[in-house]
Amino acid sequence: MTATLIDGKAFAAVIREKVATHVARIKEAQGVTPGLAVVLVGDDPASEVYVRSKGKQTVEAGMNSFEHKLPVDTTQEALLELIETLNADQSVHGILVQLPLPEHLDESLVINAIDPAKDVDGFHISNVGLLATGQKSMVPCTPLGCVMMLRDQLGDLSGKDAVVIGRSNIVGKPMAQLLLRESCTVTIAHSRTKDLPEVVKRADIVVAAVGRANFVQGDWIKPGATVIDVGINRIPAPERGEGKSRLVGDVDFAAAKEVAGAITPVPGGVGPMTIACLLANTLTACCRAHGLAEPDGLT
């Protein structure tokens, strides 16, 4: 058996099209344009590329994009002042501070300074608590994208046995909360889990988010299981030439695809969904701010 590939790039395009259609509708009917403000501190090349991509896709979806690029030596006070200004700006419905921040800045303090209603990353402590207690919240983009792909692949997730490998605040923990919301039976596994292969082997759904290249082996996977690989790891690729590298996930893809029922590739799986869900969250935040109906299938 060879697993069905879950094409995150194609699915993300569908999500972006849904967002753009809904944005056009509320612009015409209500005169409201969703706005996303992205704050980048410093000149990290990877972050700059990511921010440019976010800005481009925001504009393509018909939204307003506001980019704020600050020098690496920006003080905490100056950054907090900017966030306060964006919180008060009615044209801004979503605020994202690109992480990681320079070491002299307190990430938790900065994130929790964002208005929770505009926290489209879903990292504010209020949104974390709301999600954990089953209330309406802003949901972290990567886990949201994973759940969307699972719903699309499997339909009703109720009663499925799910294992999340990884307990980060950004992916692992909110992923588990979202799966619980879908009425899955959820186990959070991590580096200290005993008999990890056996824990994984009983799962109908495996979400790998540990940040370790090819960590999850093919013989850990239950035949027919659906595997969502969140990992993005760069490893040497001497076959491509001296000093070359390639991207791999947290799952040994070649082995797992011979066992799983469906699996996300790396690249081209979860990654494209993250920005698509950022756009979806910005639209959702805008609709909530103006008392409009939220878009179907995007939360």
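Quick summary incoming for the structure in this document. These numbers were taken from a predicted model, which means no experiment stands behind them.

**A word on the sheet that holds strand E7 (residues 205-208)**
- Read from one edge of the open sheet, six strands run E1-E11-E8-E7-E5-E6, paired in parallel fashion. A strand with exactly one partner marks an edge of an open sheet, and here the two such strands are strand E1 (4-5) and strand E6 (185-189).
- Taken together, the four bridges between strand E5 (residues 161-165) and E7 define a ladder with parallel strand orientation. Each bridged residue has a counterpart across the sheet, and for valine 164 the counterpart in E7 is valine 207.

**A word on the pattern of salt bridges**
- Summed over the entire model, instances satisfying the criterion amount to nine salt bridges.
- Close ionic contact of lysine 136 with glutamate 294 constitutes a salt bridge, the shortest N to O distance being 3.2 Å. Taken together, the residues lysine 136 in the loop between helix H5 (125-132) and helix H6 (141-154) and glutamate 294 in the segment after helix H10 (271-289) connect sequence positions 158 residues apart.
- For glutamate 294, a relative accessible area of 23% corresponds to the partly exposed category.
- Arginine 246 is paired through a salt bridge with glutamate 239; the nearest N and O atoms lie 3.6 Å apart.
- Taking the relative accessible area as the measure of exposure, arginine 246 reaches 29% and is therefore partly exposed.
- Classification of glutamate 239 as exposed rests on a relative accessible area of 59%.
- Among the ionic contacts, a cluster of salt bridges with common partners joins Lys136, Arg288 and Glu294.

**A short note on the packing of aromatic side chains**
- Summed over the entire model, instances satisfying the criterion amount to one aromatic pair.
- Judged by centre distance (5.4 Å) and plane angle (85 degrees), the ring pair of phenylalanine 215 and tryptophan 220 falls under edge-to-face. When sorted by exposure, phenylalanine 215 lands in the same class as tryptophan 220, which is buried.

**Re the side chain of serine 47**
- Secondary-structure assignment places serine 47 in helix H2 (residues 45-60).
- Not counting residues up to four positions away in its chain, the partners in contact with serine 47 are Leu40, Gln98 and Leu99.

**Thoughts on the sheet that holds strand E2 (residues 35-41)**
- Here we have three strands laid out as an open sheet, ordered E3-E2-E4, and parallel in their pairing. Each having just a single partner strand, strand E3 (64-70) and strand E4 (94-97) make up the two edges of the open sheet. Adjacent strand axes in the sheet meet at a mean angle of 15 degrees, parallel and antiparallel pairs treated alike.
- As defined by bridge partners, E2 adjoins E3 across seven bridges and the pair is classed as parallel. Paired with valine 39 across the strands is histidine 68, a residue of E3.
- With respect to the sheet, H2 is in contact with E2, E3 and E4, its orientation differing from that of E3 by roughly 160 degrees.

**Thoughts on the packing of helix H1 (residues 8-30) against H10**
- Axis separation between H1 and H10 bottoms out at 8 Å; the angle between their running directions is 20 degrees. The orientation of H1 with respect to H10, classified from their angle, is roughly parallel. Every pair of crossing elements has a handedness; the one defined by H1 and H10 is left-handed. From H1, Gly8, Lys9, Phe11, Ala12, Ile15, Arg16, Val19, His22, Val23 and Ile26 reach across to H10, where they touch Pro272, Met273, Ala276, Leu279, Ala280, Leu283, Cys286 and Cys287.

Cut-offs applied
All chains use their own residue numbering, which begins from 1 and follows the written sequence. Restriction of local features to residues with pLDDT of at least 70 applies here, the model being predicted, together with a cutoff of 80 or more for giving and counting side-chain atom pairs; totals for whole chains, interfaces and linings are based on all residues. Each side-chain value is derived from all of the structure's non-hydrogen atoms; neither hydrogens nor water enter the calculation. Strand pairing requires that DSSP identify at least two bridges connecting the strands. Secondary structure elements are defined from DSSP: runs of H or I of at least 4 residues count as helices, runs of E of at least 2 residues count as strands, and each element is numbered from the N terminus. The term salt bridge refers to a pairing of a side-chain nitrogen on Lys or Arg with a carboxyl oxygen on Asp or Glu at a separation within 4 Å. Throughout, exposure labels follow a simple rule: accessible area from a 1.4 Å probe, protein chains only, divided by the maximum for the residue type, with under 20% read as buried, over 50% as exposed, and the rest as partly exposed. Between rings of Phe, Tyr and Trp, where Trp is taken as its six-membered ring, a pair exists when centres lie within 6.5 Å; planes separated by under 30 degrees are stacked, by over 60 edge-to-face, and by other angles tilted. Residue contacts are defined here by distance: any two heavy atoms, one from each residue, within 4.5 Å place the two residues in contact. Between N-to-C directions, angles cover 0 to 180 degrees, with each direction set by a line fitted to C-alpha atoms, over the stretch in contact for helices. Reported orientations rely on four angle classes, namely roughly parallel under 35 degrees, roughly antiparallel over 145, roughly perpendicular from 65 to 115, and oblique for the rest. Put simply, a crossing is left-handed when the front helix is turned counterclockwise from the back one by less than a right angle, and right-handed when it is turned clockwise.

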